[in-house]
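# Residue-level structural notes
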Amino acid sequence: MAKSDNVFAEKQDYLIEIRDEVTKRDAMASELEKMRMYQKKLTKNIASEEKSISDEITSTIKKRKQELSDIYDERIDDNRSRRKKVENKRGKKKTEQMNERILEETKDIRNDNRDLEVEMKTLLKKNKVSSFCSSKLFYTMFMPKGSDEILTMLLEFIVYFIGIPFVTMLIFKKAVLSHKENINMAFWCTLIFTLVFIILLIVYFAIYSSTKMRNIEVLKETRAIRDKIKANNKHADAIKNSISKDQDESYYNLSSFDKKLKELDKEADKISDEKQDALKLFEADTKNVIKDEINQRRLPELERLKSEKKEIESKITQGEKKYSDQVLYITNKYARYIGEEFCKEDKLSDLISLMEEGQADTVSEAINLYKGQKSSR
């Protein structure tokens, strides 16, 4: 080992010795950098693996829980579907029997109405009165009675005395008047409307005179018969409404449907309870089983990565200690004499080349020559 007072007088072998130590130091630094990069990669892989495991556990638990819930929901939907069918059949059966009940309880009224209608037609025929006088239209237009018939009469008058003339006027205007030139359109429209109105008025009073005025006594009798029919119809409607609103369903013999509905309700309650129990069991036990299964399958790889990371970290610690010792060794033994700037492999190689070429004989000469060449550039 060279002494501090004759280092610069050393030969080529001294520089080769320094270069070997520097090369060793640089190799250590390179290896440390590789190990640190691999450490970062392992850290990233571990974090990724941990997230992947956590995501798989979460998604699998969610999926299995949903599948479990769906199975019971399908059973509940099936129960509701079957209950709906029974309710529809029950409703149909009740409606059928309700209609039969209405027909039965209004049988006498309908028979009485048929007899009254026969009596009214016979009376009109016997007195040679038109059958038109038995229609509802006749009585609302010529012999209205009660607010409902008076209101109907007003609507019929509007259609008869205003609607028909107006429509006739429009048809005539489009078919005839629109093709004429230099005519008073308003005058002709008013004239047509008025003529049709007068004709309809004459027809109305002609019917009035030939029916009501001529057969007033007979029509009073038929009016009385119609009033009885109307009263019977109101009575029948009252019976129908009473039956429709009757909450007592014992008359319709629906016990078999009610029994089936109760069974379906019990089944629905049972399925709902089973679902709640299954979900509780899933939370308390099944969820942990799924988690353990995934961990058992995935954790070995995670542990391997962690073990590899721990091992590389141990190597980095040892490498950093060796690298630090090597740096201190070079600094204390060589750099403090020739300087840190020359404790680099490329510069040492340049100095050695100068000595190999015979341009310098000692370390001092090689350094001075190298500095001179650099400064001249």
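Residues numbered from 1 in each chain as written. Predicted model: local features only at pLDDT ≥ 70, side-chain atom pairs only at ≥ 80, totals over all residues. Heavy atoms only, no water.

### Some points on helix 6 (residues 216–245)
Applicable threshold: By the criteria applied, helices consist of DSSP H or I runs no shorter than four residues and strands consist of E runs no shorter than two, each listed in order from the N terminus. A helix is expected to reach a length of 1.5 Å times the quantity of its residues less one. We call two residues in contact when some of their heavy atoms are within 4.5 Å.
With 30 residues, helix 6 ought to run about 44 Å at 1.5 Å a step, and its terminal C-alpha atoms sit 42 Å apart, in line with that. In this fold, the buried residues of helix 6 make contact with helix 1 (12–105), helix 2 (107–126), helix 3 (136–142), helix 4 (147–175) and helix 5 (185–213).

### With respect to helix 8 (residues 345–356)
A turn of α-helix holds 3.6 residues, and therefore any two residues three or four places apart point the same way. Applied cut-off: Each residue gets one of three labels from its accessible area relative to the maximum for its type: buried under 20%, exposed over 50%, partly exposed in between, using a 1.4 Å probe on protein chains only. Regarding the arc, it is the one traced by the directions from the helix axis to the C-beta atoms.
Along its 12 residues, helix 8 runs 16 Å from first to last C-alpha, staying within 8% of the 16 Å computed at 1.5 Å per residue. Those residues of helix 8 not exposed but buried are Leu348, Leu351, Ile352, Leu354 and Met355. Down the axis of helix 8, the buried set is contained in an arc of 155°. They therefore lie on one face. What points out from helix 8, more than 90 degrees from its buried face, is the exposed set Asp346 and Glu356. Of the residues flanking the end of helix 8, it is Gly358, one or two places downstream, whose phi is positive at about 85°.

### Side note on the environment of Ile367
Position of Ile367 among the secondary structure elements: in helix 9 (residues 363–376). For Ile367, a relative accessible area of 6% translates into the label buried. Apart from residues no more than four positions distant in its own chain, Ile367 is found in contact with Phe8, Ile338, Phe342 and Leu351.

### Here we look at a negative patch on the surface
Put simply, the test is: In this scheme, patches are assembled from residues that exceed 30% relative accessible area and form no salt bridge. Like charges are connected within 9 Å, while nonpolar side chains (Val, Leu, Ile, Met, Phe, Trp, Tyr) are connected within 5 Å. Areas reported here follow the Shrake-Rupley algorithm with a probe of radius 1.4 Å; residue values treat only the protein chains shown as occluding. Salt bridges, as used here, are contacts in which a Lys or Arg side-chain nitrogen is within 4 Å of a carboxyl oxygen on Asp or Glu. His is not counted here, nor are the chain ends, while Lys and Arg score as positive and Asp and Glu score as negative. A single reference atom marks each charge: NZ on Lys, CZ on Arg, CG on Asp, CD on Glu.
Side chains of Glu104, Asp108, Asp112, Asp115, Glu119, Glu217 and Glu221 sit close together on the surface and give a patch of like negative charge. Listed by contribution, the elements that provide at least two residues to the negative patch are helix 2 and helix 6. A total of 4 residues in the negative patch trace back to one element, the largest contributor, which is helix 2. As for its position among the elements, Glu104 is in helix 1.

### Some thoughts on the pattern of salt bridges
Under the criterion given, the structure shown has 34 salt bridges. Put simply, Lys333 and Glu17 hold a salt bridge, and the shortest N to O gap is 3.2 Å. Remark: Glu17 occurs in helix 1 and Lys333 occurs in helix 7 (residues 255–338); sequence separation between them is 316 residues. When its relative accessible area of 18% is taken as the criterion, Lys333 is described as buried. Put simply, Glu267 and Arg82 hold a salt bridge, and the shortest N to O gap is 2.3 Å. With Glu267 in helix 7 and Arg82 in helix 1, this pair connects stretches of sequence that are 185 residues apart. Through salt bridges that share partners, Lys145, Asp148, Glu149, Arg223, Asp227 and Lys230 make up one connected network.

### Section: the side chain of Asn79
Mapped onto the fold, Asn79 is located in helix 1. Residue classification places Asn79 among the buried residues on the basis of a relative accessible area of 2%.

Any link to function would need more than the numbers given here.
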